[in-house]
Amino acid sequence: LLLLGGALLCILQGTPAFLPVVWRSPSHGATRYETPLDEHSHALAGGVPASAPAENRPASGCTAVMAGLLLGALATTRAVAARRQGAPAARGARGALVARPAGVRQLRPRDRSDGHGWIKEDPEFTDSDDALVESTTIVELKKRPSGIKRYTHGMDGKGAMVMDMNEKARYPGDPLGQAAVAGVKKGFVVKSVAGQDVRGWDFEDIMDLLEDFVPDPDAASAAAFGNKETRQRKYEKVEFPVAIEYMTLKEGAAKAASPAAAAVPEGAWMPRLSGWSDEDLAAERQRVAALEEPVAGYSGPRYTGASSIDDAWVDKLIALQKSGGLLPKKDAYTMVLDVIALLKKESSLVDVDVKSGQTITVFGDLHGQYFDLCNALRMSGKPSPQSLFLFNGDFVDRGSWSIEVILTLFAFKLQNPGSVFFNRGNHEMLEANVIYGFAGECGSKYDLGIFNLFSESFRNLPLVHLINKEVLVVHAGLPGPRPRVWLPGQTHDPEDAVPVNMRACTLDEIRNVDRYTELTPNSYKTAVDDAPRTEEKWETDTRMIIDFLWADPRGGAGYGPSYRKSRGIFMFGPDVTKQFCDENKIKLVIRSHEVKADGFLYDHQTLMSVFSAPNYLDTGGNKGAFLQLSPTGPGGSMEVKPT
């Protein structure tokens, strides 16, 4: 097993990681695109690299060359990165020699067996300039481990700064909380250890002197397989208890590391990493108008504007796609451009008025399962002025017919813009689309330019719909805790909960969310704070978007950590749902996002899930469902009929 594990790790370590990511701008109206790095990747010219989260796995069937480059890297590196960066590791024995390849300094967590080292977010600093020191603090640590999870090094591999630690004791006398209790803080730089001035020392030597880490046999094994030769340590570990003097650097003394650009492989494609202005969209429309007409013999429908779509046109499109045909590329581009124009006029929370004699049908996740969608439409009928439709996110990815699904939905929207509505799901995100197949499908069936345009349409999707002021429809969940503080020791035990908020988020707050953004791997890490503080509006907006796209209900009260990602996403209990509904005068919340055995389920008394992709991934064995709502209850209240 060890030999097999070592072989796999060697394969994983040799794989580069490239992922374009998009960041929300602090200015409310714009989208900012940046280049975060980690220890597994370097910035690409014109692109943004990063590794994919451990819980994200690539979809099969991604045929485009670019998707192979991007997805292969994403699929293989994050699992290793998450394991290594999540917890420090142990050596085989205390005081053992540190092994590493000859001539290669051991400066990254993945190269070390103690979990310390430099990663992408770490700042540049020097520990040898007294003019940069604000103050010093002397602490006494009584025994190892002290609770400091990771030190990083400064420029040229010198010095040691505290980057990650347990920030509170779990119980009186908790050894892993002693550093926090003694007054150690993130950003402290080691000045001396047991009276020995270590400024200007190599990082490895300071770590040998301290030898303070939390044992992790898995990381120790990984380091052993990765290192072939040994380095003779210069210093033996000091005896504990020990006095350590730390420096606090002046503001601005530690600067963000400058990313080193790496060459983009020749011919590699990178997604568009900037938003589309009105001028950009107008120029794109002009370019599309000059595209070639379909090949001779094409007999399917042609799109010449929204007015060209009627019931017969939709039927032809559905039949064409079921037979393996595709709408001409020029027409597909034009449809997406026209849908973007419609979506830009809608708000983050859309009010829907269902009148007497009308119904509204709510579909959950579809995930590119086109033939299942066609089957459901035979039962539900198609949208019309009397039959409103709301598609509740996750239209694409995973299934092999995402193009066919999204173009069918867009045709419905263009035909009946006031009767067809969309919510954004977590799979209407650039990161997910690159990992789970939609980008590759665009490249295979049309070209990768249309993927960039689809991404722009997704950024303009509303987040929430309110039906007759009494039924709220959102893809995933309700707003999270306030203040949004991360509790490192919190478990999934239903009794281990963050209590319900003092007041619920209001509908007006949701209406004012700036939804034009992309979530990145770092968005989730920064979606929680280490201590209560006042958020800026763009931060609050980003955190609410995460909740609307990712949160799940749970049986226990209050808020708890999600299984979906390691940080930043919360599950919410029935008391959270009740408070939100009571204070906003809502009778029912409808959400999707999770597979349900029967296609629908009341998770809470006033919260219902609907999932519309039957036998999900061809292995789920679940039913698919849709909901039909009509104002036929007492006093015209909405009644829900699952199908």
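Calculation rules
- Residues numbered from 1 in each chain as written.
- Predicted model: local features only at pLDDT ≥ 70, side-chain atom pairs only at ≥ 80, totals over all residues.
- Heavy atoms only, no water.
- Helix = DSSP H or I, 4+ residues; strand = E, 2+ residues; numbered from the N terminus.
- Expected span 1.5 Å × (residues − 1).
- Buried < 20%, exposed > 50% of the residue type's maximum accessible area, 1.4 Å probe, protein only.
- Pairing = 2+ DSSP bridges.
- Axes fitted to C-alpha atoms, helices over the stretch in contact; angles between N-to-C directions.
- Parallel < 35°, antiparallel > 145°, perpendicular 65-115°, else oblique.
- Left-handed = near helix turned anticlockwise from the far one by under 90°.
- Contact = heavy atoms within 4.5 Å.
- Nonpolar A, V, L, I, M, F, W, Y, C, P; charged D, E, K, R; others polar.
- Polar contact = N/O pair within 3.5 Å; in protein donor to acceptor, adjacent residues only side chain to side chain.

Draft legend 1. Local environment of helix 13 (residues 448–459). An ideal rise of 1.5 Å per residue puts 16 Å on 12 residues; helix 13 measures up with 17 Å between its terminal C-alpha atoms. Among the 12 residues that make up helix 13, 11 are buried, leaving the element largely enclosed by the rest of the structure.

Draft legend 2. Quick look at the pairing of strand 27 (residues 626–630). With four of five residues buried, strand 27 is to be regarded as a mostly interior element. In terms of strand pairing, strand 16 (residues 359–363) meets strand 27 through four bridges, oriented antiparallel. Among the inter-strand pairings, isoleucine 360 is bridged to a residue of strand 27, identified as leucine 629. Pairing between strand 27 and strand 28 (residues 639–642): four bridges, direction antiparallel. Looking at the pairing, leucine 627 lines up with proline 642 of strand 28.

Draft legend 3. The packing of helix 10 (residues 402–415) against helix 13, seen in detail. Two elements in contact, helix 10 and helix 13, have axes separated by 13 Å at closest approach and are oriented at 50 degrees. Compared by their axis directions, helix 10 and helix 13 come out oblique. Judged by the sense of rotation from one axis to the other, the crossing of helix 10 with helix 13 is left-handed. Where helix 10 approaches helix 13, its residues Ile403, Ile406, Leu407 and Phe410 are matched on the opposing element by Phe454, Ser457 and Phe458. Partitioned by chemical class, the residues of the contact of helix 10 with helix 13 number six nonpolar, one polar and no charged.

Draft legend 4. Inspection of the side chain of serine 402 at higher detail. Along the chain, the position of serine 402 falls in helix 10. A polar contact of 2.9 Å, which involves the side chain of serine 402, links it to the backbone nitrogen of aspartate 397. Dropping the residues within four chain positions of it, serine 402 is found in contact with Gly368, Val396, Asp397, Phe438 and Glu441.

Draft legend 5. Representation of helix 4 (residues 203–210). The element helix 4 is largely enclosed, with a buried count of eight among its eight residues. All of the buried residues along helix 4 are Phe203, Glu204, Asp205, Ile206, Met207, Asp208, Leu209 and Leu210. Backbone geometry just downstream of helix 4 places glutamate 211 in the positive-phi region, at approximately 40 degrees.

Draft legend 6. View of the sheet that holds strand 17 (residues 387–391). Reading across the sheet, the five strands line up as 18-17-16-27-28 and stay open at both edges, with mixed pairing between neighbours. Because the sheet does not close on itself, it has two edges, and the strands there are strand 18 (420–422) and strand 28. The mean angle between the axes of side-by-side strands here comes to 20 degrees, regardless of whether they run parallel or antiparallel.

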